[in-house]
Amino acid sequence: MSGAGTIGRWRGYRGRVETYAAVVLAGGAARRMGGVDKPALPVGGRPMRDRVFAAVTDATPRVLVGPADAVPPGVRVVREDPPGGGPVAAAAAGLTLLDPDTSLVALLAADLPLLTRAAIRYLLNHLDRETSDTEPATDGLAPAPSARSGLGSERRPDGVCFVDGDGRRQSLCGVWRVAALRAGLDRLTAERAGSLSGAPVRALLAGLVVREVPWSGDGPPPWFDCDTDEDVRRAEEWAR
């Protein structure tokens, strides 16, 4: 994924060149951590927010939704309406800054300090893979044997995200088709009389075909998020 003309592109199924964007959600209140600017907390000497953007350096555009005093070069910034309105409102704001021809977007929480480029490529390849999962994954990562679609395998998946060892879907560590997300936002806006504030992510994804994959690569789980001080300490140990 390096070289001229490859910024924001990846080699998808059967070698097709695809583009993807990244929207990073950083507007949470971090109540369990005393209301600090959680994405700005350092892990391994770098703000968690910056570590997430480092995992999507080949995405274009890259968008941060939330307050920001300093962001990596080239990152577009927008605020959800209302500020603090939750991840669905933030996702809606982030999608407004995507280029018109963007078809895929990595939708990511800003407190994923263990996320890697290999993990993002893993998701992209599973989204683009045929249902049989018979093709080998790139970067030496084997296809996940328990990859599954939330609504069956007869439809092309609208998105792919990690699932943890307890079967919990990590929706804010996934890659999604922009058209499917926009359709979900339109439906939810109509259902909620025009307001997305406080809407849960599961409501946004209702009706979408979601392929859930466990992480089978090396290293710590890329979906590990930091909701407490203890989580940050654990991430620091993993990041050494």
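Structure first, text after, so check above.
Residues numbered from 1 in each chain as written. Predicted model: local features only at pLDDT ≥ 70, side-chain atom pairs only at ≥ 80, totals over all residues. Heavy atoms only, no water.

Participant: Would you explain the overall build of the protein in this entry?
Facilitator: Per the secondary structure count, the protein includes six helices and 12 strands. Counting over 240 residues, the protein shows a buried share of 50%. The contacts in the protein between residues at least 6 apart in sequence include a share of 65% that link residues at least 24 apart. Within the structure as shown, the protein displays about 11,000 Å² of accessible surface, and the carbon and sulfur contribution to it stands at 49%. (Helix = DSSP H or I, 4+ residues; strand = E, 2+ residues; numbered from the N terminus. Buried < 20%, exposed > 50% of the residue type's maximum accessible area, 1.4 Å probe, protein only. Contact = heavy atoms within 4.5 Å. Areas by Shrake-Rupley, 256 points an atom, 1.4 Å probe, with all protein chains shown as cover.)

Participant: Help me understand unusual backbone geometry, please; the structure alone is not making it clear to me.
Facilitator: The phi torsion of most residues other than glycine is negative, and most of the peptide bonds are trans. Look at the link from Thr60 to Pro61: it is a cis peptide, with omega at -5°. Within the secondary structure, Pro61 sits in the loop between helix H1 (48–54) and strand E6 (62–65). For the bond from Asp81 to Pro82, the omega torsion is 0°, close enough to zero to count as cis. With respect to the helices and strands, the residue Pro82 is situated in the loop between strand E7 (76–78) and helix H2 (87–95). The backbone phi angle of Ala193 is positive, close to 55°, even though this residue is not glycine. Looking at the secondary structure, you find Ala193 in the loop between helix H4 (178–191) and helix H5 (201–205). Look at Ala193 and you get exposed, because its relative accessible area is 75%.

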